[in-house]
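Tertiary structure, described
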Amino acid sequence: MKRWEKEGIVEITDLSLPDKKHLKKGVAIIECVQEIPCNPCVDACPFNAISMENINALPLIDYEKCVGCGKCVGVCPGLAIFVIKIIGDNALLTLPYEFVPLPEEGQIVKALDREGKEICNAVVKKLKFGKTPVVTVELPAEYAMEARNIKVV
Ligand code: SF4
Ligand code: SF4
């Protein structure tokens, strides 16, 4: 049994990840591992980069088509979509954030891993309001594949 089935924590080995070329361009990482009837991510993508065989299937992303625009991030009810763009030694990580208070642009926050553990500092670069707010933070590139939430301190 996978860890996400027992504890709800997705592991990196559960995912189909982009290569370095795509990460430099900026692409969405979809951490949706449970087959449930859901597909707003497919409709949200203006570039048809996300597809599903049927409503119960897992979403598949075409990293060639994805431009990292982030439009899919705030529509996912499972908070399972992130965008990563690697820029030199740093990375921009865009994530859904449903807690309050919301962070402010320029604020230093703590980046948390998939288990909720603090792993590094991150700087809030952008905040997009919506039903689910979407936050973009900058953090060291080495943590880009680990950081999946933030804590406002
Ligand atoms: S980041 Fe933009 S282009 Fe990429 S899958 Fe999401 S909506 Fe489509
Ligand atoms: S919207 Fe989110 S939960 Fe629903 S299929 Fe897409 S990635 Fe999975």
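See the structure above.
These lines cover the structure that appears in this document, whether it is placed above or below. (Residues numbered from 1 in each chain as written. Chains lettered and ligands numbered in written order. Predicted model: local features only at pLDDT ≥ 70, side-chain atom pairs only at ≥ 80, totals over all residues. Heavy atoms only, no water.)

**Topic: the pairing of strand β5 (residues 90-96)**
The element β5 is largely enclosed, with a buried count of five among its seven residues. From the end of strand β4 (residues 81-87) to the start of β5, which pair antiparallel, there are two residues, and Gly88 there has a positive phi angle of about 65°. Summarising the sheet, β5 and strand β8 (residues 134-140) pair through seven bridges and their orientation is antiparallel. Across the sheet, residue Leu93 finds its bridge partner in β8, namely Val137. (Buried < 20%, exposed > 50% of the residue type's maximum accessible area, 1.4 Å probe, protein only. Helix = DSSP H or I, 4+ residues; strand = E, 2+ residues; numbered from the N terminus. Pairing = 2+ DSSP bridges.)

**Considering the site of ligand 1**
Within the structure, ligand 1 sits among 14 residues, and Cys45, Cys66, Cys69, Gly70 and Cys72 are positioned closest to it. Within the shell around ligand 1, the residues separate by chemical class into eleven nonpolar, two polar and one charged. (Near = heavy atom within 4 Å. Nonpolar A, V, L, I, M, F, W, Y, C, P; charged D, E, K, R; others polar.)

**Here's the deal with the nonpolar core**
Grouped together as the largest cluster of nonpolar side chains are 39 residues, with contacts concentrated most on Ile81, Ile84, Leu93, Val135, Val137 and Leu139. Broken down by secondary-structure element, the contributors of at least two residues to this core are β1 (27-30), β4, β5, β6 (108-112), β7 (118-128) and β8. The element best represented in this core is β4, accounting for five residues. With residues near it in sequence (within four places) discarded, Ile81 still touches Ala28, Ile29, Ile30, Cys41, Cys72, Val73, Cys76, Thr94 and Pro96. (Core = buried A, V, L, I, M, F, W, Y, C linked by side-chain atoms within 4.5 Å. Contact = heavy atoms within 4.5 Å.)

Any functional reading would require information beyond the geometric quantities listed.
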